[in-house]
Amino acid sequence: MAKAGRAKQKEADAEYNIAKQVEKMICDVHDQAISCAEGIHRERRILLKQEIGRMVLFFSDQPSLLAPNIQMVFSALALARSEVMWYFRHIGVVSVKSKATRIVPVEIDSSDPTIGFLLDGMDKLCCLVRKYVSAIRGYALAYLASAAERIRFLLGSPGMIALDIDAELRNLFQQVIGCLEKSPKPQGEHVSTATADLSDFRKNWLSVLMVVTSSRSSINIRHLEKATISTGKEGLVSEGNAAYVWSRSVDELEDQLSTHACVKQLYYYRQHLTVVFRNTMFGPEGRPQHCCAWLGVASSFPDNATVSVPEEFLKIGRDAVSYVESLIESIMGGLEGLINILDSESGFGSLESKLLPEQAAIRMNHAAKVAMPSSKSMKSNSDLPLPGNESEPANRDTIKMLEAAVQRLTSLCSVLNEMEPICILNHVFVLREYLRDCVLNNFRRRLITILKIDRDLQRPSVLESLVHRHMNIVHLVEQHVSMDLTQGMREVLLSEAFSGPIRGLHTFEKPVQNTGTAISIICDWYLENVVKDVNGAGILFTPIDKCFKSARPVGGYFAEAVTDLSELKAFVRLFGPYGVDKLDGMIREHLTALLNCIDTTLRSNKEYLEALSAHMHNSRERDYYLKQVHELEPLINFSIQAGQALCFTSLLAEAAGQVLDANTPLLFSLLSDFTKHLPASLPEREDIRRLKTLTNTLGVTTEHDIALVNSILLDMVGVGDVTWGLLPYLYATCMTSNIWNTSAFNVSTGGFNNNVHCLARCINAVIAASEFVRAERKELERQLLSQQQSNRNGTELKELEAELQNLEGITSVEVNIKASMKIFIKCASTIILQSWSDSNRSPLVAKLIFLDQLCELSNYLPRSTLEVHVPYAILRSIYQQYFENSVPTLVLISPSRRHSLGIPLSHVPSRNGQFYSDHTVESGEGATSSTLKFAAQRKSPLLDLESSSDADIKPIGGGVRLSGPLDYTGMRKVSFLDTPSSDGTSGPSPLRRFVMSRSGPITYK
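The rules behind each value
- Every chain is numbered on its own, with residues counted from 1 as its sequence reads.
- Per-residue local features are limited, in this predicted model, to residues with pLDDT of at least 70; the limit for side-chain atom pairs, both in listing and counting, is 80 or more; totals at the level of whole chains, interfaces and linings are taken over all residues.
- Only hydrogens and water are set aside when side-chain values are computed; all heavy atoms of the structure are taken into account.
- Helix numbers and strand numbers start at the N terminus; a helix is a DSSP run of H or I with at least 4 residues, a strand a run of E with at least 2.
- Working definition: with a 1.4 Å probe on protein chains only, accessible area under 20% of the residue-type maximum means buried, over 50% means exposed, and in between means partly exposed.
- In what follows, a contact means two residues having at least one pair of non-hydrogen atoms within 4.5 Å.
- The accessible surface values rely on the Shrake-Rupley method and a 1.4 Å probe; as for residues, cover is taken only from the protein chains in view.
- Only residues above 30% relative accessible area that lack a salt bridge enter a patch, with like-charged residues linked at up to 9 Å and the nonpolar side chains Val, Leu, Ile, Met, Phe, Trp and Tyr linked at up to 5 Å.
- The term salt bridge refers to a side-chain nitrogen of Lys or Arg lying within 4 Å of a carboxyl oxygen of Asp or Glu.
- The length a helix should cover is 1.5 Å for every residue beyond the first.
- Axis geometry follows a simple rule: fit a line to the C-alpha atoms, using only the stretch in contact for helices, then measure angles between N-to-C directions, giving values from 0 to 180 degrees.
- Orientation labels follow simple angle bins: below 35 degrees gives roughly parallel, above 145 gives roughly antiparallel, 65 to 115 gives roughly perpendicular, and whatever is left gives oblique.
- Under the grouping applied here, Gly and all other residues not named as nonpolar or charged are polar, the nonpolar ones being Ala, Val, Leu, Ile, Met, Phe, Trp, Tyr, Cys and Pro and the charged ones Asp, Glu, Lys and Arg.
- Note on ring pairs: Phe, Tyr and Trp rings are taken, using the six-membered ring of Trp, and paired if centres are within 6.5 Å. Classes follow the plane angle, with under 30 degrees stacked, over 60 edge-to-face and the rest tilted.
- Geometrically, a charge over a ring is one whose NZ (Lys) or CZ (Arg) sits within 6 Å of the ring centre while staying within 35 degrees of the ring normal.
- Arc, as used here, means the arc of the directions from the helix axis to the C-beta atoms.
- Working definition of a nonpolar core: buried Ala, Val, Leu, Ile, Met, Phe, Trp, Tyr and Cys residues. They are joined through side-chain atoms within 4.5 Å.
- Two helices that cross are described as forming a left-handed crossing if the nearer one is turned anticlockwise from the farther one by less than a right angle, and a right-handed crossing if clockwise.
- Here a polar contact means two N or O atoms within 3.5 Å. Within protein one must be a hydrogen donor candidate and the other an acceptor candidate, and residues neighboring in sequence count only if both atoms are side-chain atoms.

Colleague: I tried to follow the overall build of the chain on my own but got confused; where do I start?
Modeller: Along the chain, the regular secondary structure elements total 36 helices and twelve strands. Within the chain, buried positions represent 46% of all 1005 residues. Across the chain, the fraction of contacts at a sequence separation of at least 24, relative to all contacts at a separation of at least 6, is 74%. As displayed, the chain has an accessible area near 50,300 Å², and 54% of this comes from carbon and sulfur atoms.

Here is the structure:
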């Protein structure tokens, strides 16, 4: 008993040890499966990716071979579907070790790019099968026809005769042959439309298989195979199975595709599906063209719904729509990313930067500094890459990156353009429309982004080049889509430039929608930083360069970098007439406020100005009333700001005119001829006034300043009354302002250091425009009076109209303007010349140059008017020595020994850069303060030419420009002051004594 017990114990121990070993082996296999399954399936996915890719290329190139190999295609689809489903079933799944409680997640890479390749390959294979379904059905029908003959032959073979087949089985074989023979025959193009139902054949063949595989049957499958294999061909069972498979390619082809390639179960893994898509779509190994396959998956999601549960169908449909919208958002984000990569400075911008003229200029400067480049200069030159260096082997990465981005962009656009609409429930997703909206919205955001750089305005020329670069990328996209994206970009630019109807052209009201964001940003910047100079950057207008300059940078640039005529032309080309009208309208509002301030100052000093006009020739009374005029400094500041605004609008109008002439010369010539031949009338008709406003904005008219101020004054109340007749006296009092103490004329800019030359522009425009307004309102009063009198006596009305028309008109307005300008010159000259007897005479020269610039600027003020009060010999000497002693900034002129004048010389630069001491130089004892005398550092050769003939005049060497801003040619100005002045201090105009030289100042005959 004990021995038997010990034997049983040993057997139990052995069994236990064996069970332990088996358990250990199972655990090891389980752990090994957990650790190795991902690698095995990854290699399988890589293999499928390569093979399916080759199959797509092969069958696309040789579609006639698709039908014979359709079963292989179905096998590849089934295997690919199996791998895709395995991937998403196991991603994120956790498992537990057999001998530990530690949870070990299955390491499945969520950025595996092979998933996109498999989905895309499956989609392309399905598309090929559906495309050549006719050929596949034809081949299958031909195979079934030959299969019927082979089965009939095998049934009549000796082996089959030797078998004792019962009547039931023989009858089934005959039905199978009959079904195959009754199948339709392929007839060319009608194969795809043939309705062949081979379900009876498949039913009969399955019945045969059930009989021969039954244990009760006397004949089994082995008997049939041995009886028919001796013929040297396939056995009967093999032929029947093959016919069964091919029969499904005739009437159940779509069902086979849905069976082998359906991935509707991915609906339950849509979150992982979205994550994998975003990680792989635009990755280094991803292909943007695979997006169609990812989107097409959603079309099969509603098939998961149960018919008996309607709510489930709606829920799955909403989830599918959400999935598609999420993927489309990612696709469009990737599209924007590709466009922005190409549009960045490291993209196409790096290629453009190598061709900038600045690089050539920098290299020329380096080459000009030293004859033999030193190591330092070589190092500095090496920092500037030469054009073409990107093609060197060491620098090809950038080009490869750009080529890859271009390839991805074009392929993605081609796929999105060719993709069929995605229909989910009642939602239809058209990818082409999403692409168009994405490109245009990205352009709009890009335009707003590049408007400013580091919170400062981008230069219009740089902005234009960036827009052109972006448009070139859009044109590249446009070549691969069947849409007009250029028209869409024009609409975007128009919406960003349009902020309201153009004055003088449109009569409709501003639409409600919010447009004009970009143009508002630019116009606000120009108005605040250039016109108003709120940052105090020292904005100055330079008449010679036709631009604004600043003492300090305005943001990231100096003012000349953004106000040059070329920059304004770039602004006009970008935003067109809408942008010009917007900026001009904002400056008009600023001018309106300034003119209202001038009107307020004028009316507050009305009493003193009337007294000043009556006592102008009494020095004591004149000085008293000059001191009584208040708010003089604010008046000058307002007027200078107004003149600065007029200068900017003039530059803007000139730029608009040049752009209009370059792009639409016919329209420009039409407007120009209109302004030239338009009959002058007072008051003007409304349509003519609107058209004049338009031509003035577009730079077609010549009197831009006067027309602009006139249009503003017409809307102001009280302009043109008796008070505005005192405007010349008000501006004459500006000669007593302290602003002249700091005014210095600069030869290189043609203006003053404190923008006081803009005051002349304001004076000319305001005085002339006020006279036009006064005449027009007087004419309106006359017409109103005539209308009232017409009801009483028609004859008296005609006589009154004829009399008033003879008295009023454009000619009389011009005469009034000239008279007002003459009053200003006379009063200003009187105030200036009287200041010579004062202790402080330093601003004398600046005031004289200011009056001369006003004569140069105004068409209603010939220099003969100024010649009556200030002989030209004085101005000639001033300009001569300014240009002879020209330095970057000149404050005063050098004194001349030939003409002495009591002026201080503390700030007068000499030729060698020295300055004179602060004292007054006079030529002799008999000299008085009322005698005009100038002193020069050395004798000027031009002053010795008075006794020379014209043939003896020679240009002065050294390249010194000696001509000032004076034009005494009789063609431009028409003098109306040929009679002596009213005070008897001057005789006839001495203009006939002067001659203008083309290369130097005026000389005596």
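Colleague: Just to check I follow, could you spell out a nonpolar patch on the surface for this structure?
Modeller: Side chains of Ile18, Val22 and Ile26 sit close together on the surface and give an oily, nonpolar patch of about 280 Å² of accessible area. Tracing the sequence through the fold places Val22 in helix H1 (residues 2–61).

Colleague: Could you clarify how one ought to interpret the side chain of Asn710 in this entry?
Modeller: Along the chain, the position of Asn710 falls in helix H29 (residues 704–713). In contact with Asn710, not counting residues within four places along its chain, are Ala769, Phe772 and Val773.

Colleague: Any chance you could explain helix H28 (residues 686–697) here in plain terms?
Modeller: In an α-helix, one full turn covers 3.6 residues, which means residues spaced three or four apart are oriented alike. Over its twelve residues, H28 runs 17 Å from end to end, which matches the ideal 16 Å to within 8%, given 1.5 Å per residue. Those residues of H28 that sit buried are Ile688, Thr693, Leu694, Thr695, Asn696 and Thr697. Looking at the buried positions of H28, the neighbouring elements they touch are helix H23 (565–604), helix H26 (632–663), helix H27 (665–677) and H29. Directly beyond the C-terminal end of H28, a positive phi value near 75 degrees is found at Gly699.

Colleague: I keep staring at the packing of helix H2 (residues 70–90) against helix H9 (residues 236–251) and nothing clicks. Help me out?
Modeller: Each pair of packed helices can be summarised by the angle the axes make with each other and by the distance between the axes. One can describe the packing of H2 onto H9 by two numbers: an axis separation of 11 Å at closest approach and a directional angle of 85 degrees. The angle between H2 and H9 places the two elements in the roughly perpendicular class. Along its contact with H2, which presents Ile70, Gln71 and Phe74, the element H9 presents Val245, Trp246 and Ser249. Counted by class, the contact of H2 with H9 contains four nonpolar, two polar and no charged residues.

Colleague: Help me understand the packing of aromatic side chains in this model?
Modeller: Aromatic rings considered in pairs are described by the distance between their centres and by the relative angle of their planes. Per the stated rule, a full pass over the model turns up 21 aromatic pairs. Cluster of aromatic residues (ring-pair linked, three or more members): Trp525, Tyr526, Phe541, Phe548, Phe571, Phe575 and Phe648. Seen from the ring of Phe117, Lys49 lies directly overhead, with NZ or CZ sitting 4.3 Å from the centre. One cation-aromatic arrangement involves Arg150 over Tyr143; the distance from NZ or CZ to the ring centre is 5.2 Å.

Colleague: I'm lost on the pattern of salt bridges in this one. Help?
Modeller: Where charged atoms from two side chains of opposite charge approach closely, those side chains can pair. If you walk through the whole model with that rule in mind, you get 33 salt bridges. Each of Glu38, Arg42, Arg45 and Asp112 takes part in salt bridges that share partners, so that together they form one network.

Colleague: Just checking my understanding: could you explain unusual backbone geometry for this structure?
Modeller: Glycine aside, a negative phi is what most residues show, and trans is what most peptide bonds show. Non-glycine residue Asp533 carries a positive phi angle of around 55 degrees. Relative to the elements of secondary structure, Asp533 occurs in the loop between helix H21 (517–531) and strand S7 (540–542). Positive phi is not limited to glycine here, since Glu631 has a value of about 55 degrees. Judged by relative accessible area, which is 40%, Glu631 ranks as partly exposed.

Colleague: Help me understand helix H10 (residues 253–261), please; the structure alone is not making it clear to me.
Modeller: Those residues of H10 lying buried are Leu253, Gln256, Leu257 and Ala261. One side of H10 holds all its buried residues, which, seen down the axis, span an arc of 100 degrees. Elements in contact with the buried residues of H10: H2, helix H3 (114–131), helix H4 (133–155) and H9.

Colleague: Would you mind showing me how to read the nonpolar core here?
Modeller: Generally speaking, nonpolar side chains in soluble globular proteins are found buried as a group. The biggest cluster of nonpolar side chains holds 255 residues, and the ones touching the most others in it are Phe301, Leu335, Tyr526, Phe575, Phe824 and Phe850. Look past the residues within four positions of Leu335 in its chain and what remains in contact with it is Phe282, Leu409, Leu412, Cys413, Leu435, Cys438 and Val439.

Colleague: Is there a simple way to think about the packing of helix H13 (residues 310–343) against helix H19 (residues 460–478) in this case?
Modeller: Orientation of H13 relative to H19, taken along the N-to-C sense of each, is 130 degrees, at an axis distance of 10 Å. The orientation of H13 with respect to H19, classified from their angle, is oblique. In this structure, the crossing between H13 and H19 has a hand that is right-handed. Contact residues: Ile339, Leu342 and Asp343 in H13; Leu466, Arg469, His470 and Ile473 in H19. Here the residues of the contact of H13 with H19 are counted per class, giving four nonpolar, one polar and two charged.

Colleague: Please explain the side chain of Thr749 as it appears in this structure.
Modeller: By the secondary structure assignment, Thr749 is in the loop between strand S9 (745–746) and strand S10 (751–752). Beyond its immediate chain neighbours, meaning those up to four positions away, Thr749 contacts Thr542, Pro543 and Ile544.

Colleague: In this structure, what is going on with the environment of Arg44? I would like to understand it.
Modeller: Looking at the secondary structure, you find Arg44 in helix H1. When the C-alpha atoms of Arg44 and Glu83 are compared, they prove to be 7.9 Å apart, with 39 residues separating the residues in sequence. Dropping the residues within four chain positions of it, Arg44 is found in contact with Leu79 and Glu83. A polar atom in the side chain of Arg44 sits 3.1 Å from the side chain of Glu83.

All we've got here are geometric facts, nothing functional implied.
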